[in-house]
Amino acid sequence: MLLIGVNRSPYTRRVAITLKAYDVPFEQRDLSGFANRAEVRARNPLGRIPALVLDDGETLIDSGAIIDHLDEAHGRNRPLTPASGTDRRAVLRIAALMMGACDKGLQAAYMRNHTPAEKIHQPWIDDCNAQVTNALAAVEALVDPARPYLLLGRLTQADITAFVAERLARLGLGIDTEAGMPRLRALTRKLAVEFPFSSTEPPT
Ligand SMILES: N[C@@H](CCC(=O)N[C@@H](CS)C(=O)NCC(=O)O)C(=O)O
């Protein structure tokens, strides 16, 4: 199995963490959608990371679709996203908030990094960052410091997506999560030392 993408991408990291959590062996090619345009577009016509090349050559794209496959193939009776019911909806709600926060965070970053200086529209960046902050605050309200994980008393895709979104907000967007979301930050600090997270930390 070959994972295409760099782990500084929250979407790629989410897949890498999931593969490690399921103990699935894989190789990784550290390609970026911008620095390695041609190679990424050869794997995914949309030109985005991550892509996951399965052992039979089939290539999956989009972190949500990739994770759906990993849950089906490797989740057995305890998938990181529960198969049905209220538990599934609760995990998917947090995953949607956190992946949406990453989408908004990247929109702000793309405006800053891929737009001529005179065309940068700061109100748009501010609005994106406010949406990221609101989404993180909603998850902050769900963190119970007495529990090791967000939901179900075990690691789920809610924790994984909260981890990658909080990291993007703190390191990529300069949002002060220590001050603004201290319980969420404590959770991500604890997750960071668990193997699926520590073994996928990108170089700084
Ligand atoms: N919804 C997609 C988003 C993937 C995405 O936006 N990846 C970024 C890197 S963080 C990318 O490849 N951007 C390049 C581009 O959009 O051209 C997913 O969940 O995989």
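The rules behind these values
- Residues numbered from 1 in each chain as written.
- Predicted model: local features only at pLDDT ≥ 70, side-chain atom pairs only at ≥ 80, totals over all residues.
- Heavy atoms only, no water.
- Domains from an automatic or database assignment.
- Contact = heavy atoms within 4.5 Å.
- Salt bridge = Lys/Arg side-chain N within 4 Å of Asp/Glu carboxyl O.
- Polar contact = N/O pair within 3.5 Å; in protein donor to acceptor, adjacent residues only side chain to side chain.
- Buried < 20%, exposed > 50% of the residue type's maximum accessible area, 1.4 Å probe, protein only.
- Helix = DSSP H or I, 4+ residues; strand = E, 2+ residues; numbered from the N terminus.
- Arc of directions from axis to C-beta.
- Phe/Tyr/Trp six-rings, centres within 6.5 Å; stacked < 30°, edge-to-face > 60°.
- Lys NZ or Arg CZ within 6 Å of the ring centre and 35° of its normal.
- Axes fitted to C-alpha atoms, helices over the stretch in contact; angles between N-to-C directions.
- Parallel < 35°, antiparallel > 145°, perpendicular 65-115°, else oblique.
- Left-handed = near helix turned anticlockwise from the far one by under 90°.
- Nonpolar A, V, L, I, M, F, W, Y, C, P; charged D, E, K, R; others polar.

It is worth spelling out the domain arrangement of the protein chain at this point. Examined at the domain level, the protein chain breaks down into domain 1 (2–74) and domain 2 (85–198). Inter-centroid distance (C-alpha atoms) of domain 1 to domain 2 is 20 Å. Facing 11 residues of domain 1, the contacting portion of domain 2 comprises 18 residues. Linking domain 1 with domain 2 are zero salt bridges. Scanning the region where domain 1 abuts domain 2 turns up four residue pairs in polar contact (both at pLDDT 80 or more).

Moving on, we come to helix 8 (residues 182–191). Inspection of helix 8 places Leu184, Arg185, Leu187, Thr188 and Leu191 among the buried residues, and these make up the whole buried set. Down the axis of helix 8, the sector holding all buried residues measures 160 degrees, keeping them to one side. Contact partners of the buried residues in helix 8: helix 5 (122–140), helix 6 (157–172), helix 7 (177–180) and helix 9 (195–198).

Following the criterion strictly, the structure yields two aromatic pairs and no others. Between the NZ or CZ atom of lysine 190 and the centre of the ring of tyrosine 149, over which it lies, the distance is 4.4 Å.

As a packed pair, helix 4 (residues 85–113) and helix 5 sit with axes 9 Å apart at the nearest point and diverge in direction by 160 degrees. Considered as vectors, helix 4 and helix 5 are oriented roughly antiparallel to each other. The element helix 4 and its partner helix 5 pack so that their crossing is left-handed. For the pair helix 4 and helix 5, the contacting residues are Ile94, Leu97, Met98, Ala101, Lys104, Gly105, Gln107, Ala108, Met111 and Arg112 in the first and Trp124, Ile125, Cys128, Asn129, Gln131, Val132, Ala135, Leu136, Ala138 and Val139 in the second. Looking at side-chain class alone, the contact of helix 4 with helix 5 contains 14 nonpolar, four polar and two charged residues.

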